[in-house]
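# Overview (structure and organization)
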Amino acid sequence: MIAFTLNGQSAEAPGGTSLLEYLRGTAGLTGAKNACGEGTCGACTVLVDGSPFSSCIMPIEKVAGKSVLTIEGIEGGEMGLYEQAYVEAGAVQCGYCTPGMVMSTKALLDRNPQPTEKEARAALRRNICRCTGYAKIVDAVLRAAEARRAGGASTAEPASSPLAAEGRLGSRLRRVDAAIKARGEAKYVDDLVAPGMLHAAVLRSPYPRARLLRLDTAAAKALEGVALVATWEDIPGDRFVGHLVADWPTFVAVGETTRYVGDAIALVAAESVSVARAALGLIGAEYEPLTPLLSPDAALAEGAPEIHAGGNILTEINLIRGDAAAALGRATHVVRHRYGTGFVDHAFMETESALAYPPDSKGVVLVRTAEQNVYDGRRYVARTLGLPDEKVRIVSTYVGGAFGGKEDQSVQHHAALAAYLSGRPVKLTLDRAESSRVHVKRHPMEVELELGCDAAGRLLCAKAVVVADTGAYASLGGPVLHRAVTHLGGPYVVPDIRVEGKAVYTNNPPAGAFRGFGVPQTNFAFESALNELAAIVGISGWEIRMRNAAKPGDVLSNGQIAGPDTAVVECLEAVKEAYDSAPGRAGIACAFKNTGIGMGHPDTGRCIAAIFDDRVEIRTGAACVGQGLATILTQIAASVLDIDPAFIVVPAPDTFLTPDAGTSTASRQTLITGEACRRACAMAAEALRGEAGLHGEGGADPHNFGGADPRGHGDGGADPHDVGGADDAAAPGRVAFPLALLAGREFAAEFEAVTDTFPSDKANPVRHVAYSYACHVAILDADGRLERVVAAHDSGLVVNPLAFEGQVEGGVAMGLGFALTESFPLAEGMPTAKFGQLGLFRATEVPPIQTIIVRRQGPGEAMDGGTTASAYGAKGIGEISSIPTAAAVAAAYAARDGRWRTRLPLEGTPYRKAP
């Protein structure tokens, strides 16, 4: 036995395990997270004799006789100091990395009580955050340092509006889930346990394309501790599932051909993870390897085998307006290039995990998941088990990041199947290597582009062919291609345009939704060509954009009408000073991105305002995946109901409690579900006026951040992630609840935004429900490294500037990685990079990012077509924040060395040397 001190208490552990396995398994301390398993991300950071270490790779034997401190062991007063600093700074988004960040913060401040910003960034260099861009985490470290020196609470207050204390629209309300995440108390799926729980593991194909000849599970079934081995023959329902196309097998059947190295062959459920994985090695699977198709060219070659019946083209989408070929002939200047981008991994910090329960007395299967839409998860599970939807309940836990990568089925259906067949709870959590192997990626795209203008730099035409590698399965490849094609021409007036798009099946990992949804790839191509055109014409990148920027009422490049809220010009004006300040070192790019699904599809947000005697529950199936939706809905509800936001609770998405509000994609939830929330709360407010004759009278004691919670919860509210919903046992408040007269009533509302399909000519342009606009400027220093990024964004009304800044900073950081360092290499269809080799930006690499909020349209102003601005005119920010960054960075390097780079990640920079 290994003896050591754990959080001030004597502890003993058997050898042969990692420190993290002991902490999470035996000790039940789940604050340290298992994110990478290779010691490179910092999510599992603990202090050993005061120094930070990655517990995932530390053998338990290494702590013999030493003192180990986890986040649970930080003394209450000191923990409150870190909590307050992280909450006030806005340093928490998905929260999965946060406990590790806090531990690194403590380690730094214990040895250096007055660090500089540079020293704070250096202390965080072993901690990866995929959400925030690090700026606010560094701010939190410096706030905590100041508070420790002052001997108490933080004295640094964030810049705020006069309404900040009330949590109304436009205020910098602290995230409603930040405190519990900062303390390491938020429960993610892999933190959960259930009595009698089994652990599952899945056998995957070792080949991207091979025929499965034989499957023998007898030895695996005979292994002690194994409770279940399941294959394709054990599926009670449909064997194929999929987000839009049911083409993805739950298990590959004997005699069938695998399509990528993530294909599932069999599943084991056992008493422990180690036994389950050992059993996988005992399954006899015989394959006939076949030549894989690893590129669109190979898949489209004459005589290529079909990956799916019907051919290797998933879909083709064309945008044709006018005669681009003829216009190219009239153009004074034309730029022609082939641009390319590769696979990129989402690298969300929390890997996929699900905890499923066998049918209860009513035949209901419960699954705890972390995904972007619990109703999609219900569909995957119900289809697999052959059950009606009402017999499947999906409840979300906290979600440790997604970025589009948690829309498809991954572990939900396998965990549910194992629980259904075994009669016991089953948890299935993918380790990092398996997660990278299985889940969808950003589409690689090849873009052949011709862009023409007149002598003055006014755009005449664009002609492009876009080929996307959609990988082994459809996922969301069709809609992603649609976005790539229809956004290629940017927020400009392009009179004649022809874009031909094609998504091609290959035996690579499936490609699907990823922040930006296909637009970053084609934006890089178009904006890079536009910068090159500017140089040929002899004007600046800023000037050519100003001459071609779409204004309200103009026809956009995709044929839709630019609404009165269009602020491309204003975004350009906001960055002009920064761009002009660094000649020869600055690059610029613009972007636009749809808010809402579009493509002619109904897009519905739903919300229920449920009134209790001490709180309002804002119930919606919309997922909070780190973007802060629960806080946004809280502010909308507080504004409509004119109450203290501390009276508002947003329960976790639950198919038995919360209505379907669609997936958290397309930057849609603030507008679509936010408007549903506004309507539901307006109904409640009207009912209250009818009941008591109240006219806008708010509750006493507006939100008191430093005092007690009116519901009696010191953390600002009950953890809504109990299966039963919000904390029904909340203590009566010391402040009268203004809506108590409506206790027991529910007010349900929905908002449907339908967008017309794109026109094929210029005669009948239509308008999307909303577009966001942006302009980014990247500036290099004398050594060719990033000096700063200036990001001007028009996203309508900004409900919460603190959260908005965090989204922009995180999006820019992701865009910088896309531009300079990130890749997902494959060898014969098999991923070869570890998590630490993906090229993710770290705190020491992200430059200062200046966020500029731009707004043209005021709340409630009429939009064209007779519609009215929704959710007070708020629009999306989550995706567009990452889109124009890559082209701006490429332009900055071109300004520096005259080289127009056409592939990502960019080569010949200090971040990535030329081969």
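Scroll up a little and you will see the structure.
Residues numbered from 1 in each chain as written. Predicted model: local features only at pLDDT ≥ 70, side-chain atom pairs only at ≥ 80, totals over all residues. Heavy atoms only, no water.

A separate point is the sheet that holds strand β20 (residues 459-471). The strand order β13-β21-β20-β19-β14 describes an open sheet built from five strands, whose pairing is mixed. In the strand order of this sheet, the two ends are held by β13 (313-321) and β14 (333-341), each with one partner. This sheet shows a mean twist of 5° between the axes of neighbouring strands, independent of strand direction. Sheet analysis places β20 next to strand β21 (residues 496-505), joined by 10 bridges and oriented parallel. Bridge pairing links A468 to A503 in β21. Its contacts with the sheet put helix α15 (residues 519-537) on β14, β19 (445-453) and β20, and the angle it makes with β14 is roughly 150°. (Pairing = 2+ DSSP bridges. Helix = DSSP H or I, 4+ residues; strand = E, 2+ residues; numbered from the N terminus. Axes fitted to C-alpha atoms, helices over the stretch in contact; angles between N-to-C directions. Contact = heavy atoms within 4.5 Å.)

Over its 13 residues, helix α21 (residues 885-897) runs 19 Å from end to end, which matches the ideal 18 Å to within 8%, given 1.5 Å per residue. By the criterion of burial, α21 is predominantly enclosed, with 10 of the 13 residues buried. Residues of α21 that are buried: T885, A886, A887, A888, V889, A890, A891, A892, Y893 and A894. The elements touched by buried residues of α21 are α15, β22 (586-594), β27 (771-780), β28 (786-794) and α20 (801-820). (Expected span 1.5 Å × (residues − 1). Buried < 20%, exposed > 50% of the residue type's maximum accessible area, 1.4 Å probe, protein only.)

Another aspect to go through is the packing of aromatic side chains. In the structure shown here, the tally under the stated rule is 13 aromatic pairs. Where Y260 meets Y473, the ring centres are 5.9 Å apart and the plane angle is 80°; that geometry is what we call edge-to-face. Of the two residues, Y260 sits in the loop between β10 (248-249) and β11 (264-270) while Y473 sits in the loop between β20 and α14 (477-486), which places them 213 residues apart along the sequence. Grouping residues by exposure puts Y260 and Y473 together as buried. With a centroid separation of 5.9 Å and an interplanar angle of 85°, the aromatic rings of Y339 and F524 are classed as edge-to-face. A residue pair is termed long-range when its members are at least 10 positions apart, and Y339 in strand β14 and F524 in helix α15 qualify at 185 residues. (Phe/Tyr/Trp six-rings, centres within 6.5 Å; stacked < 30°, edge-to-face > 60°.)

The next point concerns the pattern of salt bridges. Between side chains of opposite charge, a pair can form when the charged atoms approach closely. Overall, the coordinates contain 56 salt bridges when judged by the stated rule. E805 is the salt-bridge partner of K136, the closest N and O atoms lying 3.1 Å from each other. Pair noted here: K136 is in helix α5 (residues 135-150) and E805 is in helix α20, with a separation of 669 residues, a long-range link. For E805, a relative accessible area of 18% corresponds to the buried category. Here R678 makes a salt bridge to E675, at a shortest N to O gap of 2.8 Å. A residue pair is termed a helical-turn pair when its members lie 3 or 4 positions apart in one helix, as R678 and E675 do in helix α19 (residues 669-692) at three residues. Residue classification places R678 among the partly exposed residues on the basis of a relative accessible area of 25%. You can call E675 buried: its relative accessible area is 3%. (Salt bridge = Lys/Arg side-chain N within 4 Å of Asp/Glu carboxyl O.)

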